[in-house]
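Structure assessment
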Amino acid sequence: MGTSNTTKVLLEMRGITKRFPGVIANEDVDFDVRNGEVHTLLGENGAGKSTLMKIVFGLYQADEGEVLLRGEPIDIRSPSEAIAARIGMVHQHFMLVPPLTVAENVALGLSSSRRPFTDLAKVSTRISEISDAHGLAVDPSTEVWRLSVGERQRVEIIKALYRDAELLVLDEPTAVLTPQEVDDLFVILRRMVDDGRGLIFISHKLHEVMALSDRITVLRDGRVAGSTTPAEATRESLARMMVGREVRLTPHKGKVTVGDARLSIRNLTVIGDRGTPAVKNLSLDVLGGEILGIAGVSGNGQREFAEAVAGLRHTEPGGTITMDGADITTSSTRVRRNLGLAYVPEERMRDGVVAEFSVSENLVLVNHGSREFTKRGLLATGAIRRRSTEMVKQFAVKTPTIDTPIASLSGGNIQKVVMARELSASPGVLLACQPTRGVDIGSAEYIHSRLIEQRERGAATLVVSEDLDEILGLADRIAVMYEGEIVAIIDSADAKREEIGLLMAGVLET
Amino acid sequence: MLSKIVGSAVPVLAALAAFLVGAVMLLVLGASPLDGLKAILDGAFGSGERLAATAVKATPLILVGAGISIAFRARVINIGGEGQIIAGALLATVIALALPDLPSVVLIPLVLMGGAIGGTILGAIPGVLKAYASVNEILSTIMLNLVMVQFMNFLLRGPLIDPLEIAAGTRIPQTQRLSDNAALPTLVEGTRLHLGVVVAVVAAVIAYIVLWRMPLGFRLRAVGHSPEAARAAGINVERNITYALAISGMLGGLAGAILVFGSEGQRMITDGSAAGFTGAAGFNGIVAALFGGLHPLWTIPSAFLFGALLTGATQLQRVLQIPAALAVALNGLVVIFVISSARFRSYIQSIIEKRPSNRASEDLERPYSKIPGVDT
Ligand SMILES: Nc1ncnc2c1ncn2[C@@H]1O[C@H](COP(=O)(O)OP(=O)(O)O)[C@@H](O)[C@H]1O
Ligand SMILES: [Mg+2]
């Protein structure tokens, strides 16, 4: 922004290097924030964004380089020193105590004006002032566990403002918010910047970065890959900086004629872990040759729905699940898989792979007992190794060997192993949950192209994702799930982000 | 690599530590530790006959140990070796009593199979209870041990008691001498080395093959590491948990049949105490398995070591007038050292590998998953 030249530099980091055993998390990083601007740190998982900010907040000490605050060199050795220097941080993982009230959480760690007694009434008044001034609506007397994720985040911001932070760091604040909550948050953040505060925003979601930032610095493998502004950059150019090569952000989809319903769900009700219905009387058809995207904020029954389809969770009487004409409502997972169902679970490390097994063992986890992989009752090691090597190559899995323990691969490569395994059976119905969560852009791009291939084969593909961009890019039709129900099914040609966002939040009725 | 070597050295160090404590105990009892060691070695390996006795003592430990290893790989703890041995021995005994005139080539396989079946049944019960009713298998297998000891005492004092014992009025709880056609043939003349030793070693090798070369073992290990991922891949977790305990029990039952038909008396006999018939092989087998790193093949040498300790202790008593119970104490010491070294071992390995656990880095990618009340 043009105004930024005239304002003061609030924080400046010069030549910061931070090493961990085996990794250099930050290498010779220069970074600064001025009063009145949002400077975004963009980068893939593991690029070193959180580490750099933890140095600002005194959680880590830099191995090399210097930090200047308001022009003065400063050595921040702990969070309390950071807070004293008017630096606030909203962590990627919230640091709230759920059984305590909002006011108690805010007061935590501060000395009371009425020691040894608490001054919670005073704290509450001040919180109300702050929330009024910044549009951060929250009731100081509620316990934190009652709050939604979006509200908890507001409490974190209030905590920082209560301590009079001039520099505010937000580490991936939008990861768990609905699109509407993100919009609200951005309005709040803008207002804070206009008050003259400096703000560091961390994200890896490109459209958010373009919407909020004044300046953008991209980190890749711990180094600064470049700095730019939203005016000069495009989403594509940012992605290129993040990954270090050309990437296709919107997957290319050819025209495919859709066939009959291959997966039909009627009146499905599923009881969740809390004993209450998580999926309520849901009906849905997925056609051959289409990708049906299920959009929704997590916790609205998607997990229970997917588990019911995969045969991992009981369904209530009255509902039916049919696959290619066969009633599979009460069939085991094995039977469903034999009928042509493939399942990419949302919790990759828990449900997708056996962490202690090798890449190869995980690749044959489903069909290790098939004729292809057994010989006279024994596992046909040669055939398994040959096929695994092929699959690793075919899916561009980066692994030293096929015998490497899967847990030592990156999230993206683990997901490629899961995809390779699930797609190798040429499934008729593919159920993919959060297929690219925590996955680097390069792998995500690859996984998307593989999902799109399934359309051309005539498979029915169901993609459950919290990432609206992913759904918009992949799906032919979008079903929005809210509180266990499909509240709307929209053709993706007519889909509008805002409308889907409102549906996800349960605001819009159809 | 380095961490692997250190990892396998730790149990040996633990055993050495146990022997050091044993040496101190000998000193306290007024005997020279060196003489003690000599007596044990001499008793265990001093002659062909003694070597054979050691092998025979090791036999049930190999079988039970291999079974424990299989169960453990499926993350099931089988403490029911004692009961499973008894079940196998009883069924094998009943078969030999019912069909005493079958030729050896038929009867020997039949009683061994009977033993295996008896053990399988006793293993499958806690297996089914754990898999389908979430009954803790440690508790249920221990309970079944108690039940089986009482059941055996009842049978050997009543329905199965040797008629001669009733006639003589001594009423020792034992069966009559069983058909010689069922006796396990001696392999080396003049020693007690019998076919059962070979059966046990072969069974341990098969256990290894099942675990690492067969689809069944693949599933057992998958279920042991991650029941969730196994289930999502279409593996029947409950069934495989049942299999794990059933197979484990099968090996124990086989050990029971071998104890009966490899015995000098050629009969099932007890003294009324809990370990009267088994000689605590069901528990010592666990020790052998732990010391063998819960690997069926390593269980073989490990069982020989404990077999040697047991036979050597007899010599210790004879030569130095030290109670043979010292061997039991040594056994216990090895267990304590090996088990506590397991923690120590993982600690050392984590230092050597010097990297945060991969699960932790996965958590970094999954924000808020640790907050109660928030589903991600
Ligand atoms: N406390 C730590 N110990 C060891 N390695 C770490 C630690 N924190 C981060 N790392 C490593 O440093 C690198 C950067 O991590 P991080 O700053 O969290 O990345 P980002 O926030 O951009 O996803 C990663 O390779 C990560 O594994
Ligand atoms: Mg981070």
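Residues numbered from 1 in each chain as written. Chains lettered and ligands numbered in written order. Predicted model: local features only at pLDDT ≥ 70, side-chain atom pairs only at ≥ 80, totals over all residues. Heavy atoms only, no water.

Counting all residues, the mean pLDDT for chain A is 89, and 98% of those residues have values of 70 or more. Confidence drops under a pLDDT of 50 for residues 1–5 of chain A, and excluding neighbours within four residues, the segment shows 3 contacts in the predicted structure. (pLDDT = per-residue confidence, 0-100. Contact = heavy atoms within 4.5 Å.)

On to the packing of helix α3 (residues 48–73) of chain B against helix α11 (residues 237–261) of chain B, then. All names here are of chain B. Contact geometry for α3 and α11: axes closest at 8 Å, N-to-C directions at 175°. Taken together, the axes of α3 and α11 are roughly antiparallel relative to one another. For the pair formed by α3 and α11, the contact residues are Thr59, Pro60, Leu63, Val64, Ala66, Gly67, Ile68, Ile70 and Ala71 on the first element and Ala244, Ile247, Ser248, Leu251, Gly252, Leu254, Ala255, Ile258 and Leu259 on the second. Looking at the contact of α3 with α11, its residues break down into 14 nonpolar, 4 polar and no charged. (Axes fitted to C-alpha atoms, helices over the stretch in contact; angles between N-to-C directions. Helix = DSSP H or I, 4+ residues; strand = E, 2+ residues; numbered from the N terminus. Parallel < 35°, antiparallel > 145°, perpendicular 65-115°, else oblique. Nonpolar A, V, L, I, M, F, W, Y, C, P; charged D, E, K, R; others polar.)

As a further point, take empty space enclosed by the protein. Residues and elements named next belong to chain A. Scanning the entire structure with this criterion turns up 2 cavities of 30 Å³ or more. Of the voids in this model, the second largest cavity is the one considered here, and its volume is about 60 Å³. Taken together, Gln302, Arg303, Ala306, Glu307, Tyr343, Pro345, Glu346, Glu347, Arg350, Asp351 and Cys433 form the lining of the second largest cavity. Taken together, the elements giving at least two residues each to the lining of the second largest cavity come down to α9 (302–310) and α11 (348–352). Per-element accounting of the lining of the second largest cavity gives the leading share, 4 residues, to α9. Here the lining of the second largest cavity is composed, by residue class, of 4 nonpolar, 1 polar and 6 charged. (1 Å grid on protein atoms, 1.4 Å probe; cavity = no way out; pocket = protein on both sides within 12 Å on 5 of 7 lines; lining within 4 Å. Points joined across faces, edges and corners; volume = space filled by probe spheres on them.)

Attention now goes to the site of ligand 1. All names here are of chain A. With respect to spatial proximity, the complete set of residues near ligand 1 consists of Phe20, Val23, Ala25, Glu44, Asn45, Gly46, Ala47, Gly48, Lys49, Ser50, Thr51 and Tyr60. Within the contact set of ligand 1, an oxygen atom lies 2.5 Å away from a side-chain nitrogen or oxygen of threonine 51. Here ligand 1, which alone exposes 560 Å², has 74% of that area covered by the protein. Top element by residues in the shell around ligand 1 is helix α1 (residues 49–56). It accounts for 3 residues. (Near = heavy atom within 4 Å. Polar contact = N/O pair within 3.5 Å; in protein donor to acceptor, adjacent residues only side chain to side chain. Areas by Shrake-Rupley, 256 points an atom, 1.4 Å probe, with all protein chains shown as cover.)

Once that is clear, we can look at the sheet that holds strand β8 (residues 198–203) of chain A. Residue and element names in this part refer to chain A. Taken in spatial order, the 6 strands of this open sheet run β6-β7-β8-β3-β9-β10, and their pairing is mixed. Each edge of the open sheet carries a strand with a single partner, namely β6 (87–90) and β10 (223–228). With direction set aside, neighbouring strand axes in the sheet form an average angle of 20°. In this structure, β6 lies alongside strand β7 (residues 167–171), joined through 4 bridges in parallel fashion. Bridge pairing links valine 90 to leucine 170 in β7. Strand contacts of helix α8 (residues 235–243): β3 (38–42), β9 (215–220) and β10, with the helix running at about 30° to β9, the strand carrying the most contacts. (Pairing = 2+ DSSP bridges.)

With that settled, consider α11 of chain B. Since the α-helix turns once every 3.6 residues, residues separated by three or four places project in the same direction. Residues and elements named next belong to chain B. Taking 1.5 Å per residue, 25 residues should reach 36 Å; α11 reaches 36 Å between its end C-alpha atoms and fits that length. α11 sits mainly inside the fold: 20 of its 25 residues count as buried. Where α11 starts, the residue carrying a side-chain oxygen 3.3 Å from the main-chain nitrogen of glutamate 238 turns out to be asparagine 236. (Expected span 1.5 Å × (residues − 1). Buried < 20%, exposed > 50% of the residue type's maximum accessible area, 1.4 Å probe, protein only.)

If you walk through the whole model with that rule in mind, you get 6 aromatic pairs over all chains. On the numbers, 6.2 Å between centres and 75° between planes, the contact of phenylalanine 395 of chain A with tyrosine 446 of chain A is edge-to-face. Of this pair, phenylalanine 395 of chain A sits in the loop between α13 (381–394) and α14 (411–423) while tyrosine 446 of chain A is found in helix α15 (residues 441–456), placing the two residues 51 residues apart along the sequence. Assessed through its relative accessible area of 4%, phenylalanine 395 of chain A is described here as buried. On the numbers, 5.7 Å between centres and 90° between planes, the contact of phenylalanine 291 of chain B with phenylalanine 306 of chain B is edge-to-face. (Phe/Tyr/Trp six-rings, centres within 6.5 Å; stacked < 30°, edge-to-face > 60°.)

Taking 1.5 Å of rise per residue, the 25 residues of helix α13 (residues 296–320) of chain B would be expected to cover 36 Å, and the 35 Å separating its terminal C-alpha atoms lies within 8% of that figure. Following α13 of chain B by one or two positions, glutamine 321 of chain B adopts a phi angle in the positive range, close to 55°.

Okay, the side chain of histidine 39 of chain A next. Residue and element names in this part refer to chain A. Looking at where histidine 39 falls in the secondary structure, it is placed in strand β3. Residue histidine 39 is classed as buried on the basis of its relative accessible area of 2%. At 2.6 Å, the side chain of histidine 39 forms a polar contact with the backbone oxygen of aspartate 32. Among the polar contacts listed, one links the side chain of histidine 39 to the side chain of arginine 215, at a separation of 3.5 Å. Those residues within four positions of histidine 39 in sequence are excluded, and the remaining contacts are Phe31, Asp32, Val33, Leu199, Ile200, Phe201, Arg215, Ile216 and Thr217.

Residue and element names in this part refer to chain B. When you line up the elements, alanine 58 lands in helix α3. A relative accessible area of 0% places alanine 58 in the buried class. With 246 residues separating them along the chain, alanine 58 and phenylalanine 304 place their C-alpha atoms 5.0 Å apart. Apart from the residues within four sequence positions on either side, alanine 58 is in contact with Ala303, Phe304 and Gly307.

Take unusual backbone geometry next. With a phi close to 65°, aspartate 164 of chain A is a non-glycine residue in the positive phi region. Of note in the backbone geometry, arginine 75 of chain B takes a positive phi value of approximately 55° without being a glycine. Checked against the element boundaries, arginine 75 of chain B lands in the loop between α3 and α4 (81–98).

Attention now goes to the sheet that holds strand β5 (residues 72–73) of chain A. Residues and elements named next belong to chain A. Spatially, 4 strands are ordered β2-β1-β4-β5 in an open sheet, and the strand pairing comes out antiparallel. Each of the sheet's edge strands pairs with one partner strand only, and the pair in question is β2 (23–34) and β5. Relative to β2, strand β1 (residues 9–20) runs antiparallel, the two being bridged by 8 bridges. Note that in β2 the partner of arginine 19 across the bridge is isoleucine 24.

Before going further, it helps to spend a moment on the domain arrangement of chain A. Residues and elements named next belong to chain A. Examined at the domain level, chain A breaks down into domain 1 (1–86 + 166–244), domain 2 (96–164) and domain 3 (262–504). Distance between the C-alpha centres of domain 1 and domain 3: 35 Å. Listed by partner, the interface residues are 9 residues for domain 1 and 13 residues for domain 3. Linking domain 1 with domain 3 are 0 salt bridges, by the criterion used here. (Domains from an automatic or database assignment. Salt bridge = Lys/Arg side-chain N within 4 Å of Asp/Glu carboxyl O.)

Moving on, we come to the pattern of salt bridges. All names here are of chain A. A full pass over the atoms with the stated rule returns 42 salt bridges over all chains. The shortest N-O distance in the salt bridge between glutamate 166 and arginine 70 comes to 2.6 Å. Taken together, the positions of glutamate 166 in the loop between α5 (149–162) and β7 and arginine 70 in the loop between β4 (64–69) and β5 put the pair 96 residues apart, joining distant regions of the chain. By relative accessible area, arginine 70 is classed as partly exposed at 38%. Two residues, aspartate 469 and arginine 497, come together in a salt bridge whose shortest N-O distance is 2.8 Å. Taken together, the positions of aspartate 469 in helix α16 (residues 468–474) and arginine 497 in helix α17 (residues 497–504) put the pair 28 residues apart, joining distant regions of the chain. Classification of aspartate 469 as partly exposed rests on a relative accessible area of 26%. Judged by relative accessible area, which is 26%, arginine 497 ranks as partly exposed. Taken together, the salt bridges that share partners define one network made up of Asp273, Arg303, Glu304, Glu307 and Arg313.

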